[in-house]
Every structure is written in structure tokens, then in C-alpha cells.
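Chain by chain, the residues:
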Amino acid sequence: MARPDLNLLVTLDVLLQEGNVTRAAERLRLSPSAMSRALARLRRTTGDPLLVRAGRGLVRTPHALELGERVGELVREAEALLGPPETVDLGALSATFTLRTSDGFVESFGPDLIRRVIEKAPGLRLRFMQKTNRDSASLRDGTVDLEIGVADQRMRDELHVEPLFKDRFVGVVRPGHPVMQSKITPKRYASGGHIRVSRRGLERGAVDEALKTYGLEREITVVVGGFAAALALARGSDLIATVPERHTRNLRADLAMFLLPIPTPDIEVSMLWHPRLNVDPAHRWLRACMRSACAEVDGPV
């Protein structure tokens, strides 16, 4: 049996509401002849004349009267199903969103984000996962709902990416560190012992490339996988940690900070999510909360 043309449901709904081919054609922006052809198709499909002439007008057949209410409900349900999601009732929302971030982000931005979430959606739970790599598979398979980090071109081709703020590298040392006693030049900065942060264990990065232009190379004493570990080591030694400024704001509250004496590229921190969640109302609201939480501390430190 051939599958019926479901587009005819809309035509049938309007025809039965109007009971007039010309007015139905005007509502659907069709010509009267096109609407007459559609009515003929509907008659063949349903096996019923649907509208029959009575005097100068048309009247609905018993079968048309029976169909009228059901067709209207079907069309409204289809429109709701295919239309954009409605706004979510935040007070009644009960869900868990998983966020993948680097260490330091939760300490610096988490409290304000959580405050915003609890205030409007007390039933929403946030689960933070440590970011150990740059693989976007967890966003594809739904293990992670929102990721915070630096997006490469491959991610931009596959995911939705929205910049949150720009960050920059700064040097961090323990209070009273000798490097803070006089002007920090590229040579003085490079001559100290350094802590390198790399999730992949690499010993060279953007800072080292910048030092090369001065003919300098820093001594990497230790490589760690995260900012918290780097700052903990700097706190208890004479080593220098080079970390993003805003990203580690709260982690380095008791440490001394200095601007790098060499130019390094800014870091653009973004939120990333899979296209399937783009119009989800709860996810849209969470992204707005994240945007506001990051904007609140996006300024001079």
C-alpha cells in the first residue's frame, strides 16, 4: 500500500475549517485551481467526497465532520513536534549536566556558576570532569554536555564553539622569591628553574618559542599535568610556574605573580558543545549561566 502524502493533513485541516476552496487557498497561499486539485487528491485518498455542494456553497460530509477535530489535533501536535523547543520550567527541572574543564576553572569560575544555577534551577546537578586530553569524542557520544577549553580547527568544524574570554600567561612564584627583587628581564626569567604544564608531558610550548626569539632557553625542572600541581610546587620551592592568569585566579591567591617579560599569544577560552544540544532549552540556559559567570571576572586582575 502506498504511503499517503502527510502534507495533505494541513490542506485537509484548512479545508474543513473553511468549508470553502477559495478561502482555504488564500490561507495556504495557493491558487484556487491548486486547491481544487488538492481536494481531488484528498477525495481519492480518503474515499470520501469530504465537501459536497449544497446550493451556492459546500457542506461537510459526515465523514468530514468526524475527521475535522482529529485532523486539527494531529496538525497541532506535528507543529509542536517540529517547532523549536519551548522554554524550560527551571524550577521543575531535574537533570544532570556534565562539564569537562581543566583544573583551576572550577576554583575560579565554579562558585559563581553554581550560585546562578541553584538560584533558578535547584534540581539541576552539575558534574565536573577533569580534562585530560583534547579529544572531542565525549561530546559526540553524550558523556560530556559542555566543555571549556581552547578549540582547534578540527573542533570548530565539528562542534559549536563560543569564546568566553581571553587569557594570558603569567609567572607565579612563592612570596619572597628572589626573581621578584628586581626588574624581571627575559634573561632573568629564563635563568630560573621552571615548572612546565602539559597534559601530554611535552617539555616545550608557546613560552619556549617566544624565548627563542631572544636567543634564550629556560631550564625545565619538572613537567606536570595541571595548573594546580604546578602552583603547589611553586608554593613550596624556588621554581617558577607559568600559567594562564584568569584561569588560575583563585588557585594562586597566596602567591606572587608577575607579567612575562616576553610577548606570548593570548589564549582564547571557549565553551564547546555538540550540535544536537544547540536548541535544547535547558542547555541554552546553562550556557547563558556560564557566559555570565565568566564575564563577571573578565577584567583586570
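Going by the structure above, here's the rest.
Each chain has its residues counted from 1, following the order in which its sequence is written. Only residues with pLDDT of 70 or above have their local features reported here, since the model is predicted, and side-chain atom pairs are shown and tallied only from 80 upward, although totals for entire chains, interfaces and linings are computed over all residues. Think of the side-chain values as coming from all heavy atoms in the structure, minus any hydrogens and water.

> Where do I start with the sheet that holds strand 4 (residues 124–130) in this structure?
Note on sheets: strands pair through backbone hydrogen bonds, and any given pair is parallel or antiparallel. When DSSP finds two or more bridges between a pair of strands, those strands are recorded as paired. The secondary structure listing takes helices from DSSP runs of H or I that are at least 4 residues long and strands from runs of E that are at least 2 residues long, numbered from the N terminus. Taken in spatial order, the five strands of this open sheet run 4-3-5-12-6, and their pairing is mixed. Every interior strand has two partners, whereas the edge strands, strand 4 and strand 6 (160–167), have only one. Shown here is a sheet whose adjacent strand axes are inclined to one another by a mean of 20°, direction ignored. Inspection of the sheet shows strand 6 paired to strand 12 (residues 267–273) by seven bridges, in the antiparallel sense. Counterpart to Val 161 in the pairing with strand 12 is Leu 272. Its contacts with the sheet put helix 5 (residues 105–120) on strand 3 (95–101), strand 4, strand 5 (146–149) and strand 6, and the angle it makes with strand 4 is roughly 170°. Note on geometry: axes are C-alpha line fits, over the in-contact stretch for helices, and angles between N-to-C directions span 0 to 180 degrees. Note on definitions: a residue-residue contact is assigned when non-hydrogen atoms from the two residues lie within 4.5 Å.

> Is there a simple way to think about the pairing of strand 8 (residues 193–197) in this case?
Two faces make up the sheet, and in a regular strand the side chains alternate between them. The buried label goes to any residue with under 20% of its type's maximum accessible area, the exposed label to any with over 50%, and the partly exposed label to all in between, with areas taken from a 1.4 Å probe on protein chains only. In terms of residue burial, strand 8 counts as a mostly covered element, since four of its five residues are buried. Both strand 8 and strand 9 (residues 219–224) contribute to a ladder of five bridges, which runs parallel. Counterpart to His 194 in the pairing with strand 9 is Ile 220. Viewed along the sheet, the connection from strand 8 through helix 9 (residues 206–212) into strand 9 turns out right-handed. Pairing of strand 8 with strand 10 (residues 240–244) involves two bridges; the strand directions are parallel. The residue bridging His 194 from the neighbouring strand is Ile 240, located in strand 10. Convention used here: a crossover is right-handed provided that the path from the first strand, over the helix, to the second strand proceeds clockwise when the strands point away from the viewer.

> Where do I start with the pattern of salt bridges in this structure?
Opposite charge on two side chains makes pairing possible when the charged atoms of those side chains draw close. A pairing counts as a salt bridge when a side-chain nitrogen of Lys or Arg comes within 4 Å of a carboxyl oxygen of Asp or Glu. For the structure on display, the rule yields 18 salt bridges. A salt bridge links Lys 131 to Glu 147, with the shortest nitrogen-to-oxygen separation between them at 3.1 Å. On the criterion of sequence distance, the pair formed by Lys 131 in the loop between strand 4 and helix 6 (137–140) and Glu 147 in strand 5 is long-range, its members being 16 residues apart. This pair shows no difference in class: Lys 131 is buried, exactly as Glu 147 is.

> Explanation requested: the packing of aromatic side chains in the structure shown.
Aromatic rings considered in pairs are described by the distance between their centres and by the relative angle of their planes. Here is the rule: rings of Phe, Tyr and Trp (six-membered ring for Trp) pair when centre to centre is within 6.5 Å. Planes less than 30 degrees apart are stacked, more than 60 are edge-to-face, and the remainder are tilted. Overall, the coordinates contain three aromatic pairs when judged by the stated rule. Summarising the aromatic geometry, the rings of Phe 109 and Phe 165 are spaced 5.1 Å apart at their centres and angled 25° between planes, so their arrangement reads as stacked. Here Phe 109, found in helix 5, pairs with Phe 165, found in strand 6; they are 56 residues apart in sequence, far enough to count as distant. Residue classification places Phe 109 among the buried positions, given a relative accessible area of 1%. Measuring from centroid to centroid gives 6.2 Å for Tyr 189 and Phe 258, while their planes differ by 75°, and the two rings are edge-to-face. Linking Tyr 189 in helix 8 (residues 186–191) with Phe 258 in strand 11 (residues 256–259), this pair joins segments that are 69 residues apart in sequence. Phe 258 shares its class with Tyr 189; the two are buried. Joined through ring pairs, the aromatic side chains of Phe 105, Phe 109 and Phe 165 make up one cluster.

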